[in-house]
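Close look at the chain arrangement
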Amino acid sequence: MAPLQAARMQPDGPLQVPYDKATVRSAPAVETGTDQPLSVDQLTQLYQHYQLGEQAERPPQRIPGAPEVTRSEERLRVGTESEPAGTARLNKRVVTENVQTSVPVEHDEVTVVHEPVSEADRSAARAEIGEEQREMELRAERPVVGKEQVPVERVRLTKDEVVEEQPVNAQVRRELVDADVPERARRNR
């Protein structure tokens, strides 16, 4: 890169700058292919290399009444907006299921015992012949089912905000300005 302030177009077409090839080739490197202006540091390095005083770059003078257009372009502005994405609900319903278990139950069982009366017990025993009936109450347990309602679990909904990258593709438009100037009237800068 070389300053073009003192550059001149030669009659046969090439542009001539007042610096030798070695000076131009050893100039500080700047990134090419970008529309961004040079930074202050880059300008300072170039001014020092070409031994120029720091000069403010002057814009070309505007000629009153000269044709002029404004070039515009679309810029992509990407953001986010919050919108409803559905509703989460807790629904409680009742289902009936069979529960099978076992429980120990007791009952009385009767055994008839025949016991001979000993000689010593005969005097105390009554020896009467006749009908006689004796009763003994028998008990038996049966399973009894009762139900109680007890709280067993608390269920609730919570939410976490999760951030993920989502690609966005869009087309933007920009204007290009072409100048149709005859070769002889063209001045290259």
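Coordinates for the structure precede this section.
Parameters at a glance
- Residues numbered from 1 in each chain as written.
- Predicted model: local features only at pLDDT ≥ 70, side-chain atom pairs only at ≥ 80, totals over all residues.
- Heavy atoms only, no water.
- Helix = DSSP H or I, 4+ residues; strand = E, 2+ residues; numbered from the N terminus.
- Buried < 20%, exposed > 50% of the residue type's maximum accessible area, 1.4 Å probe, protein only.
- Contact = heavy atoms within 4.5 Å.
- Lys, Arg positive; Asp, Glu negative; His and termini not counted.
- Charge placed at Lys NZ, Arg CZ, Asp CG, Glu CD.
- Patch = residues over 30% accessible without salt bridge, like charges linked within 9 Å, V, L, I, M, F, W, Y side chains within 5 Å.
- Areas by Shrake-Rupley, 256 points an atom, 1.4 Å probe, with all protein chains shown as cover.
- Salt bridge = Lys/Arg side-chain N within 4 Å of Asp/Glu carboxyl O.
- 1 Å grid on protein atoms, 1.4 Å probe; cavity = no way out; pocket = protein on both sides within 12 Å on 5 of 7 lines; lining within 4 Å.
- Points joined across faces, edges and corners; volume = space filled by probe spheres on them.
- Nonpolar A, V, L, I, M, F, W, Y, C, P; charged D, E, K, R; others polar.
- Arc of directions from axis to C-beta.
- Polar contact = N/O pair within 3.5 Å; in protein donor to acceptor, adjacent residues only side chain to side chain.

Turning our eyes to something else, we now look at the overall build of the protein. Counting its secondary structure elements, the protein contains two helices and two strands. Each helix and strand of the protein, ordered N terminal to C terminal, gives the series β-β-α-α. Each principal axis of the C-alpha atoms in the protein carries an extent, and together these give about 165 × 40 × 30 Å. Relative to its 189 residues, the protein shows a buried fraction of 4%. Relative to all contacts within the protein whose residues are 6 or more apart in sequence, the contacts with residues 24 or more apart total 62%. Across the protein, 26 positive and 35 negative side-chain charges occur, with their mean positions spaced 17 Å apart.

Here we come to a negative patch on the surface. Together, Glu106, Asp108, Glu109 and Glu141 make up a region of like negative charge exposed at the surface. Relative to the elements of secondary structure, Asp108 occurs in the segment after helix 2 (40–49). For Asp108, a relative accessible area of 39% puts it in the partly exposed group.

It is worth spelling out the layout of surface pockets at this point. To find the voids left in a structure, one rolls a probe of water-molecule size over its atoms. As a volume, the second largest pocket reaches approximately 940 Å³. If you go around the second largest pocket, you meet 24 residues; those closest to its centre are Val94, Val95, Glu148, Val150 and Val152. Here the lining of the second largest pocket is composed, by residue class, of 12 nonpolar, six polar and six charged.

So, about a nonpolar patch on the surface. On the surface, a cluster of nonpolar side chains totalling about 360 Å² of accessible area is made up of Leu76, Val78, Val168 and Val172. Tracing the backbone shows Val172 in the segment after helix 2. A residue is classified by how much of its surface remains accessible, and Val172, at 45% relative accessible area, is partly exposed.

Inspection of helix 2 places Thr44, Leu46 and Tyr47 among the buried residues, and these make up the whole buried set. The buried residues of helix 2 occupy an angular sector of 165 degrees when the element is viewed end-on, so they sit on one face. Residues of helix 2 that are exposed and point over 90 degrees away from its buried face: Asp41 and Gln48. Gln51 sits one or two positions beyond helix 2 and adopts a positive phi of about 55 degrees.

On to the environment of Glu119, then. You can see Glu119 is positioned in the segment after helix 2. Side-chain polar atoms of Glu119 contact the side chain of Arg122, separated by 3.0 Å.

Right, let's talk about the environment of Val155 for a bit. Looking at the secondary structure, you find Val155 in the segment after helix 2. Look at Val155 and you get exposed, because its relative accessible area is 53%. Considered as a pair, Val155 and Lys92 are 63 residues apart in the sequence and their alpha carbons are 9.8 Å apart.

It is worth stressing that arrangement in space is one thing and function is another; only the former is reported here.
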